[in-house]
Every structure is written in structure tokens, then in C-alpha cells.
Amino acid sequence: MADLEMPAKTHGVGVFLELRKRMQSGLLIVGKDVATSPADVVVTGGESSLHIQTPRGRLSLTLPAEVTFEQGSCAPTPAGESRGEELHFRLRIGVTPSPDGEAPDSVVETLRAKETYCFHCQGCMTRLLEDREFKRVLPLPNGNWNAIVDDWCCHPDPFNKKLLPRAEDCLLGDTFLLLAKDGGCAQTLTEEVSPVGSEDAHDSKKSCRRLALISCKSCSSVLGEAVAPETLKLYITQVVVEPAVGDRTPEASLNRSLFLEQTIAARLLGLSSSLSTFHFSIQTPDGKAFLLVWLLNSDSITASVPESRVGGERSLGSPALRGPPPGAAARALKLLYASCSDTGAQQRDLVTSWEVNAIGHPVELPLSVCEELLQVIDDSNSTLPASMRCMRSYEVAYLRL
């Protein structure tokens, strides 16, 4: 029963809803503190909404415009080993194709040559660089290509020269941008040398090296690295990149957790589509695996309502994974994950299996961002019903798009 062990931090789930657009079906879970038997739950649909009647009152969830509930399709279903705490229902939905329902692209996928962009610190929205119009926007080789050059060549590494951008270039990595410095960098950015890598004498594969970390001078947030004297490596989780339109003042800083969640979700979805892979190894700059992620599906629409909020007439906007609902409908990625620092035997075996079999496309992020991402994912897991938090040796989470 080790797979069903619960995280230490969990929340009392009152109502959980997951709709699958491709399957045109859904799963509704109601906690026993909200309703004690299937007869206590009545589900009906309205215009772009789902109404759930319980002894506590009626809960109304706003659905995306392209999704409709099929009246009378909600039926109770066995809930496995958690049926003592939860009521499970299956339902059917109708989906109208809508181009507006597609997930937003990540920064890496939207940058174009011959267009002008402004760069801001995500933490405080300070302008970091002068507006840039790129003559060339070019992708870098995916992942840790340089680490496997020895497997390609029978002679010394011919690619020993770093790929660096020219003054009007933007080179795109999986999770970062390579840009040339400009004259204003000294006023907006600070640089500090920091050690990174293994200092363990027994670890012969990784030696300790030093990084020139680049931070925002206004709020001290780490933005990336100086990979060469005149080259910046800025992570897409740390900067906001927008088309430069007149003298428009940038919007206030976005909620950090939501920005990180949506940025990583969009990037994982983009990489999955372009590389036809569903396994990702979230790594720190020294190549050390931090988090293993297995993308299950990208067509989920979810809502998780705490037990404390179920009661009386409620209208909970568009489905949100947790917290107050956002103003617009949001899709979510469903994923399995495992922390590489977990000391459990099953988790350690899982991490070893990924390493030995080279499973997982490497996704590089600063250590602090890896830690933030794990917290976001753990928070997601803690909002799920008990029966959905674990699957085999993995834990389950959703990332909003």
C-alpha cells in the first residue's frame, strides 16, 4: 500500500471535476463531508455551466464556451479503495472545436525576426534591456547535445566552440534565450560569480565550476548567466518578453507561482509536440536531475473546490486547479512526477531506472526555479482527492496552461 501514502500537506477536497475534451467525458468526485450517498448529488447543466446540487446547497462551475454537459449523463461509479471517503461519478460532455481554446505558446515559440521586443524582470517588471529588433532568431540544438558529442565522433570534439549570438541575434534554447549585452545592462543588471557543480572528490563525472549569475539590480532576482563576456543567458521563467508597442507601460507583475506554472506547462507541451516525447528530466545547470515528469495528457479541464467553500449558491468562474478562479478558462496538463531527492526505496529505484535507460528529455532550470516548480507541483497534488494523488511510484499533479 506504499503507493497510496498521502503527502503530509493536504486539503479537504469538497468537489473535484476533471473533463477530458478528447474523450468527451468527465470525472466528478464529491467528498463524503459534502454528500454521504450518490442520491444526495444531482448534476445538471446550463449555458456554459455545470450545477452540482448537494445537501450543502448548489455549486455552479463555469465551463469553457466550447464545452457543454450532456443532461442526464452523470452516473455513480465505484471509487476503488477510497470509496469510503469519496463519491465518484462519470459524465459525458459535448465539445465544439474552437481555435480560441488552444493553449498559449511559450516565449520560445513566439519570438520572430524583424519584430521589436522589450524585456522585463518578471519579479518587479523593471525594464532590463533596450528594445530589441532581431535580424535572426535561431534555435539551438535541443537538450544536452554537447554532452553526447563523443558518441557522434571518432575524433576530438569538433564542436568545442560555444554557440554565441551576434549583436542582433536571439538564440533559443529549450528554456532560455541567448542575447548580446547592450549599453544599458550596467544600469539594470548585476553579475556575481557563484560555484556550481559537484565538489565531491568521489564524483569524477562532474567537476566544480563557476557561473557568472545575472540578477535584476532592482529586486535581486536571479535571471540567468553571463555565458561569455558579452552574452546573456536569460531563463524564460525569469523574464517577461513582450512585443514593443509605442510607449505602452508594462502591466503589473504577474503572480509568481501562476506565471511559473503556466510558463513551464506551455514549454513542456511545446517540447512534447515538437520532439514527440512525454518524459522530461528537470535539471539544474550542472546537469543534475532534480525532478522527473511524465506528461499524461494536455486536454484536461479541472476544478478543485475545497470542502470549506462548498455550501450555498456559489459561482466559481472558469475551472481552476486551486485557489480563486482565474478570469478566463484554463486548460491543464496532467502529469506524473517524482522528486529525485526523495529517499523512499521505490522513488530511488524509479530515478535510477530513468538514469540508466536515459529516459527523459533534459529541461534545464536554475536550482531556485526547480525548487519553486516542485513546490507548485506539490501544492497541486495536495488539492487532489485522496484516490488521485498517487499512481504506482509517482505522484499526480496538474499544471494550468
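Every residue gets a number counted from 1 within its own chain, in the order that chain's sequence is written. With pLDDT at 70 or above as the cut-off, local features in this predicted model cover only qualifying residues; side-chain atom pairs require 80 or more to be listed or tallied, and sums for whole chains, interfaces and linings still use all residues. Only heavy atoms go into the side-chain values, all of them from the structure, while hydrogens and water stay out.

## So, the packing of aromatic side chains
Part 1 of the reasoning: Side-chain rings of Phe, Tyr and Trp (the six-membered ring for Trp) are treated as a pair once their centres are within 6.5 Å; stacked means planes under 30 degrees apart, edge-to-face means over 60, and tilted covers the remaining angles. For the structure shown, the criterion picks out 5 aromatic pairs.
Part 2 of the reasoning: When the ring of phenylalanine 119 is compared with that of phenylalanine 134, the centres are 6.3 Å apart and the planes differ by 85°; the resulting orientation is edge-to-face. Taken together, the residues span a long stretch of sequence, with phenylalanine 119 in strand 9 (residues 116-121) and phenylalanine 134 in the loop between strand 10 (132-133) and strand 11 (136-139) at a distance of 15 residues.
Part 3 of the reasoning: Type-normalised accessible area, obtained with a 1.4 Å probe on protein chains alone, sets the label of each residue: buried when under 20%, exposed when over 50%, and partly exposed for intermediate values. Given the relative accessible area of 0%, phenylalanine 119 is considered buried.
Part 4 of the reasoning: Note on phenylalanine 134: relative accessible area 2%, which makes it buried.
Part 5 of the reasoning: On the basis of an interplanar angle of 70° and a centroid distance of 5.6 Å, the ring pair of tryptophan 294 and tyrosine 394 is categorised as edge-to-face. Remark: tyrosine 394 occurs in strand 25 (residues 394-400) and tryptophan 294 occurs in strand 20 (residues 289-306); sequence separation between them is 100 residues.
Part 6 of the reasoning: Looking at tryptophan 294, the relative accessible area reads 28%, which means it is partly exposed.
Part 7 of the reasoning: Given a relative accessible area of 9%, tyrosine 394 falls into the buried group. Secondary structure elements are taken from DSSP: a helix is a run of H or I of four residues or more, a strand is a run of E of two residues or more, and numbering for both begins at the N terminus.

## Notes on the pattern of salt bridges
Part 1 of the reasoning: Should a side-chain nitrogen of Lys or Arg be within 4 Å of a carboxyl oxygen of Asp or Glu, the pair is scored as a salt bridge. Counted by the stated rule, this structure contains 15 salt bridges.
Part 2 of the reasoning: The salt bridge involving arginine 56 is made with glutamate 307; its shortest N-O contact spans 2.1 Å. One end of the pair, arginine 56, is in the loop between strand 4 (49-54) and strand 5 (57-62); the other, glutamate 307, is in the loop between strand 20 and strand 21 (314-315), with 251 residues separating them in the sequence.
Part 3 of the reasoning: Put simply, arginine 127 and aspartate 131 hold a salt bridge, and the shortest N to O gap is 3.9 Å.
Part 4 of the reasoning: By relative accessible area, which is 45% here, arginine 127 ends up partly exposed.
Part 5 of the reasoning: Here the salt bridges share partners, and the residues they tie into one network are Arg20, Arg22 and Asp299.

## Topic: helix 6 (residues 367-382)
Part 1 of the reasoning: Here helix 6 spans 23 Å end to end across 16 residues, near enough to the 22 Å set by a 1.5 Å rise per residue.
Part 2 of the reasoning: Along helix 6, the residues classified as buried are Val369, Cys370, Leu373, Leu374, Val376, Ile377, Ser380, Asn381 and Ser382.
Part 3 of the reasoning: Elements in contact with the buried residues of helix 6: helix 4 (256-275), strand 19 (279-283), strand 20, strand 22 (332-339) and strand 25. Expected helix span is taken as 1.5 Å per residue step, with the number of steps being one fewer than the number of residues. What makes two residues a contact is simply this: any of their non-hydrogen atoms within 4.5 Å.

## Overview of helix 5 (residues 345-356)
Part 1 of the reasoning: When the terminal C-alpha atoms of helix 5 are compared, their 16 Å separation across 12 residues agrees well with the 16 Å that a helix rising 1.5 Å per residue should span.
Part 2 of the reasoning: Residues of helix 5 that are buried: Gln347, Leu350, Val351 and Trp354. Down the axis of helix 5, the sector holding all buried residues measures 95°, keeping them to one side. Pointing more than 90 degrees away from the buried face of helix 5 are the exposed residues Ala345, Asp349 and Val356.
Part 3 of the reasoning: Within two residues after helix 5, alanine 358 carries a phi angle of roughly 50°, on the positive side. Note that the arc is defined by the directions from the helix axis to the C-beta atoms.

## With respect to the confidence of the model for the chain
Part 1 of the reasoning: Of all residues in the chain, 79% have pLDDT values of 70 or greater, and the mean over the chain is 82.
Part 2 of the reasoning: pLDDT is a residue-level measure of predictor confidence that goes from 0 to 100. By mean pLDDT, the top-scoring element of the chain is strand 19 (96), and the lowest-scoring one is strand 21 (48).
Part 3 of the reasoning: Here residues 1-9 is modelled with pLDDT under 50, and outside its nearest four sequence neighbours on either side it reaches 15 contacts, counting other chains as well.
Part 4 of the reasoning: The low-confidence segment residues 317-329 (pLDDT under 50) makes 41 contacts with residues lying over four places distant or belonging to another chain.

## Quick look at the packing of helix 4 against helix 6
Any two packed helices are characterised by how steeply their axes cross, that is the angle between the axes, and by the distance between the axes.
Part 1 of the reasoning: Only the stretch in contact is used when fitting a helix axis, every axis being a line fitted to C-alpha atoms; angles between N-to-C directions are given from 0 to 180 degrees. Two numbers describe how helix 4 lies on helix 6: the axes approach to 10 Å, and their chain directions differ by 95°. Judged by the angle between their axes, helix 4 and helix 6 are roughly perpendicular. Where helix 4 approaches helix 6, its residues Arg256, Ser257, Leu260, Glu261 and Ile264 are matched on the opposing element by Val369, Glu372, Leu373 and Val376.
Part 2 of the reasoning: Residue classes follow a fixed rule: Ala, Val, Leu, Ile, Met, Phe, Trp, Tyr, Cys and Pro count as nonpolar, while Asp, Glu, Lys and Arg count as charged, and any other residue, Gly among them, counts as polar. Tallied by class, residues from the contact of helix 4 with helix 6 come to 5 nonpolar, 1 polar and 3 charged. Roughly parallel covers angles under 35 degrees, roughly antiparallel covers those over 145, roughly perpendicular covers 65 to 115, and oblique covers all other angles.

## Regarding the environment of aspartate 40
Part 1 of the reasoning: With respect to the secondary-structure elements, aspartate 40 resides in the loop between strand 2 (25-31) and strand 3 (42-46).
Part 2 of the reasoning: Taking the C-alpha atoms as reference points, aspartate 40 and threonine 54, 14 residues apart in sequence, are found 5.7 Å from one another.
Part 3 of the reasoning: Those residues in contact with aspartate 40 that lie beyond four places of it in its chain are Ala35, Gln53, Thr54 and Pro55.
Part 4 of the reasoning: Here a polar contact is taken to be a pair of N or O atoms separated by no more than 3.5 Å, where protein atoms must pair a possible hydrogen donor with a possible acceptor and residues adjacent in sequence count only if both atoms sit in side chains. Polar side-chain contacts of aspartate 40 include one of 3.0 Å to the side chain of threonine 36.

## Points about the environment of lysine 114
Part 1 of the reasoning: Checked against the element boundaries, lysine 114 lands in the loop between helix 1 (107-110) and strand 9.
Part 2 of the reasoning: Beyond its immediate chain neighbours, meaning those up to four positions away, lysine 114 contacts Glu133, Phe134 and Lys135.

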